Amino acid sequence: MARYTTLYLSALIAGLTAALFGYSVGFIGGIIVLPSFLSHFSLSTLPPSALASTQARIITSWLAGALFGVPLGMPFCSRFGRKGCLFLAGGLYVCGAGMQLLDFGIGGFEVGRALNGLGVGVGTLGGPMYISEISPPSERGMLMSSYQTILQLSALAGFWGAFLSHSSFPSSSSLQWQLPTAIQLIPGILLLLGTCFIPETPSFLAGKGREEEAERCLVRLRGVKGEEWMVEGEMQEIRDAARVSALVRDKNVPFSKELLKPGIRKRLVVGVGLMIAQNMVGLNALNYYAPVIFMSAGFTSVSSSLFLTGVFGVVKLLSAIAFMFVFVKIRGNRFWLLLGSSLCGVCMLVLAYFVHKIPPANQLGEAKLTVGGMVSVLTVYIFAFSFSVSLGPISWNVCSEIFPLHINAKCCAITTCTQWLFQIVIAYITPQLLTTIGWGTYLIYALFCLLTTLFVFFSVPETRNVPLGREMDSLFDDKKDIDEEDEMEEESETTLLLKHGQRERRGSLGVYT
């Protein structure tokens, strides 16, 4: 809709935080094995164990940076707004990319990756929160799903960028690794510049007592300038939520005490559980092992295996786009979570069977194209589709919309830290599991898919099209919590009336003095 132009552009700019995430993941695996990279940083002469250790540090420094970036971004989100968080993400990311390009040796490159990761961590906190808070209920599912779409698109660009750079430049040219590394600057700079022109979220402004500014931003986001009456109901809901949050803050209730409330605990269980499930259903195992599966299926050349791995990324991207524009409007989040996690589990069982039949590593070159091999390739793509229309986008969507305004940043920090922590865990254990128990790894992930399905069925409520504030609270809070909020709203209204009366009396005294 034309009147939502500002809304869509603002969501797109905030969604660039997903591009920071996706591109960093997509390009680094191809870069650290390029001959020009190894030669430039004097890694080609290292023994295999030392080289593997250096490459692992490049990966883990980024993951550690992302994990610590989340708590770093939390005070910025709370004090300086969601825009402040986006600025910080872009600034750290650009500094990290620049550090990787400057000639400070491999240590400097690792520091740049860590800065890069800090920016990504801050972005994964601020980006989804911003999109959720500016979106009307009817558009929130689609706009939040754009985060996953941008992530998959940028990851795909990173993978193919490294692949094309390898093909286009000679191994003696530093451009072979520098060009894909420099491309990181593009989304970072666009995020920094774009954030200057987007409005702050009305919820944050109202929470800071800047209600007139909040209303102006809401009018701009909804494209109803001159027809402000159209957002009066939505603005009143934002005011009510902000006033309740202000009263809670005034009572100086510690966050630890907030966590004891049943409604908050339920929300955190849902958010943390979905972030754990997103990592534990086995996507990273396929990211790690897909080339070997494709080679065992009969696609024995490295180029054909890499091509099919690239197609794996294309399937994830197309599935994310389909969810964003079609599937999210057809059925609710619970339906897709249940269907997706179930299909992922079936795919893992099928892969366990066929990976069990894979010939030893020294015989992969002799593998012939078989029906079983083709089924395993197709299963990898079905898994990619199932994940990309369920846990991939919906985990971020739900975590960004279910928490009360006054503790939203802190709770989102917990769920986002959980996501990064389990990424690190999975990155560490998956290669070891595949080395020690091989095909049994897929049975373990199939079990986690089953547990995810049960968790969603019993614990995750439907949040699609539910407005933020009171209606979202009613999904999680017990009667006692709801009664407390009602009392706070009445107290807030009484306080406002008293203040208004005092102002009128002061005005009257001024007239008669």
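For the structure, see preceding data.
Every value quoted in this text rests on a predicted model; they were computed, and no experiment measured them.

*Asks:* Could you clarify how one ought to interpret the overall build of the protein chain in this entry?
*Replies:* Scanning the protein chain for helices and strands turns up 22 helices and zero strands. The proportion of buried residues among the 513 residues of the protein chain is 52%. Look at the contacts in the protein chain between residues 6 or more apart in sequence, and 82% of them connect residues 24 or more apart.

*Asks:* Help me understand the pattern of salt bridges in this model?
*Replies:* When the charged atoms of two side chains lie near each other, side chains of opposite charge can form a pair. Under the criterion given, the structure shown has 10 salt bridges. The residue Glu110 makes a salt bridge to Arg57 at a minimum N-O spacing of 3.2 Å. Here the residue Glu110 occupies a position in helix α5 (residues 105-134), and Arg57 occupies one in helix α3 (residues 48-79), the gap between them amounting to 53 residues. The class of Arg57 is partly exposed, set by a relative accessible area of 36%.

*Asks:* Is there a simple way to think about the packing of aromatic side chains in this case?
*Replies:* Geometrically, a pair of aromatic rings is defined through the distance of the ring centres and the angle of the planes. Applying the stated criterion across every chain yields a total of 21 aromatic pairs. Consider the rings of Phe41 and Trp177, whose centres lie 5.2 Å apart with planes at 55°: the pair is tilted. Note that Phe41 is positioned in the loop between α2 (35-40) and α3 and Trp177 in helix α7 (residues 175-182), a separation of 136 residues in sequence. The same class applies to Phe41 as to Trp177, namely buried. Aromatic side chains Trp160 and Phe163 sit 5.3 Å apart centroid to centroid with 85° between the ring planes, which places their arrangement in the edge-to-face category. One end of the pair, Trp160, and the other, Phe163, are both in helix α6 (residues 137-168), three residues apart, so they sit about a helical turn from each other. Taking the relative accessible area as the measure of exposure, Phe163 reaches 26% and is therefore partly exposed.

*Asks:* Could you clarify how one ought to interpret helix α8 (residues 185-195) in this entry?
*Replies:* Structurally, the α-helix is built with 3.6 residues per turn, so residues lying three or four positions apart point the same way. Pro187, Gly188, Leu191, Gly194 and Thr195 are the residues of α8 that are buried. For α8, the angular spread of buried residues about the axis comes to 140°, placing them on one side. Away from its buried face, by an angle of more than 90 degrees, α8 presents the exposed residues Ile186 and Leu193. On its buried face, α8 is in contact with α1 (5-31) and α4 (81-101).

*Asks:* How should unusual backbone geometry be read in this particular structure?
*Replies:* Note: most residues except glycine have negative phi, and most peptide bonds are trans. In the Ramachandran plot, Ser42 falls in the positive-phi region, its phi being about 55° despite a non-glycine side chain. Counting through the fold element by element, Ser42 comes out in the loop between α2 and α3. The backbone of Asn465 shows a phi angle near 65°, a positive value even though the residue is not glycine. Turning to its location among the elements, Asn465 is positioned in the loop between α20 (440-459) and α21 (470-476). On the basis of relative accessibility, which here comes to 45%, the residue Asn465 falls in the partly exposed class.

*Asks:* Please explain the environment of Lys266 as it appears in this structure.
*Replies:* Within the fold, Lys266 resides in helix α13 (residues 262-280). For the pair Lys266 and Phe476, spaced 210 residues apart in sequence, the C-alpha to C-alpha distance is 6.4 Å.

*Asks:* How do you make sense of the environment of Gly123 when you look at a structure like this?
*Replies:* By secondary structure assignment, the location of Gly123 is in helix α5. Note: C-alpha distance between Gly123 and Ala18 (105 residues apart in sequence) is 7.4 Å.

*Asks:* What should I look at first to understand helix α17 (residues 371-388) in this one?
*Replies:* Helix length check: α17, at 18 residues, gives a terminal C-alpha distance of 26 Å against a target of 26 Å (1.5 Å per residue), a fit within 8%. Here α17 has its buried residues at Gly372, Gly373, Ser376, Val377, Thr379, Val380, Tyr381, Phe383, Ala384, Ser386, Phe387 and Ser388.

*Asks:* Help me out: how do you make sense of the state of the cysteines in this one?
*Replies:* Note on terminology: disulfide describes a covalent bond linking the sulfur atoms of two cysteines. As enumerated under the stated definition, the model contains zero disulfides in all. Between Cys77, a free cysteine, and Cys85, which holds the nearest cysteine sulfur, the sulfur-to-sulfur gap is 3.1 Å. Take Cys449: it sits in no disulfide, and the sulfur closest to it among the cysteines is that of Cys344, at 5.2 Å.

*Asks:* Teacher, can you tell me more about the packing of α13 against helix α18 (residues 391-399) here?
*Replies:* In helix packing, the relevant descriptors are the interaxial angle and the interaxial distance, both defined with respect to the helix axes. Interaxial distance between α13 and α18 falls to 9 Å at its minimum, and their mutual angle equals 160°. Judged by the inter-axis angle, α13 sits roughly antiparallel to α18. Relative to α18, α13 is oriented so that their crossing is left-handed. Residue-level contacts link Val270, Gly271, Leu274, Met275, Ala277 and Gln278 of α13 to Leu391, Gly392, Ser395, Trp396, Val398 and Cys399 of α18. When its residues are assigned to classes, the contact of α13 with α18 shows eight nonpolar, four polar and no charged.

*Asks:* Can you help me understand the side chain of Gln278 in this one?
*Replies:* Take Gln278: it is sitting in helix α13. A polar atom in the side chain of Gln278 sits 2.9 Å from the side chain of Gln419. For Gln278, the contacting residues outside a window of four places in its chain are Phe387, Leu391, Gly392, Ser395, Trp396 and Gln419.

*Asks:* Teacher, can you tell me more about a nonpolar patch on the surface here?
*Replies:* Judged by side-chain polarity, Leu447, Leu450, Leu451, Leu454, Phe457 and Phe458 come together as a nonpolar surface patch covering roughly 630 Å² of accessible area. Tracing the backbone through its elements, the reader meets Phe458 in helix α20.

*Asks:* Please explain the nonpolar core as it appears in this structure.
*Replies:* Soluble globular proteins: nonpolar side chains tend toward being buried together. Counting residues in each nonpolar core, the largest one holds 114 residues, and the members touching the most others are Phe37, Leu274, Leu286, Phe383, Trp420 and Tyr442. Counting residues per element, this core draws most heavily on α1, which supplies 13 residues. In contact with Phe383, other than residues within four places in its own chain, are Val281, Gly282, Leu283, Leu286, Cys344, Cys347 and Met348.

*Asks:* What am I meant to see in the environment of Val328 here?
*Replies:* You can see Val328 is positioned in helix α15 (residues 302-330). Placed 187 residues apart in sequence, Val328 and Gly141 show a C-alpha to C-alpha distance of 6.4 Å. Apart from residues lying up to four places away in sequence, Val328 is in contact with Gly141, Met142, Ser145, Phe323 and Arg464.

*Asks:* It is not clear to me how the packing of helix α16 (residues 333-356) against α18 should be interpreted in this structure. Could you clarify?
*Replies:* One way to put it is that α16 packs onto α18 with a least axis distance of 10 Å and a crossing angle of 140°. Regarding the angle of α16 to α18, the classification is oblique. For the crossing formed where α16 meets α18, the hand is left-handed. Contacts between α16 and α18 involve Asn333, Trp336 and Leu337 from the former and Leu391, Ile394 and Val398 from the latter.

Reading the values: the criteria
- Residues numbered from 1 in each chain as written.
- Predicted model: local features only at pLDDT ≥ 70, side-chain atom pairs only at ≥ 80, totals over all residues.
- Heavy atoms only, no water.
- Helix = DSSP H or I, 4+ residues; strand = E, 2+ residues; numbered from the N terminus.
- Buried < 20%, exposed > 50% of the residue type's maximum accessible area, 1.4 Å probe, protein only.
- Contact = heavy atoms within 4.5 Å.
- Salt bridge = Lys/Arg side-chain N within 4 Å of Asp/Glu carboxyl O.
- Phe/Tyr/Trp six-rings, centres within 6.5 Å; stacked < 30°, edge-to-face > 60°.
- Arc of directions from axis to C-beta.
- Expected span 1.5 Å × (residues − 1).
- Disulfide = S-S within 2.5 Å.
- Axes fitted to C-alpha atoms, helices over the stretch in contact; angles between N-to-C directions.
- Parallel < 35°, antiparallel > 145°, perpendicular 65-115°, else oblique.
- Left-handed = near helix turned anticlockwise from the far one by under 90°.
- Nonpolar A, V, L, I, M, F, W, Y, C, P; charged D, E, K, R; others polar.
- Polar contact = N/O pair within 3.5 Å; in protein donor to acceptor, adjacent residues only side chain to side chain.
- Patch = residues over 30% accessible without salt bridge, like charges linked within 9 Å, V, L, I, M, F, W, Y side chains within 5 Å.
- Areas by Shrake-Rupley, 256 points an atom, 1.4 Å probe, with all protein chains shown as cover.
- Core = buried A, V, L, I, M, F, W, Y, C linked by side-chain atoms within 4.5 Å.

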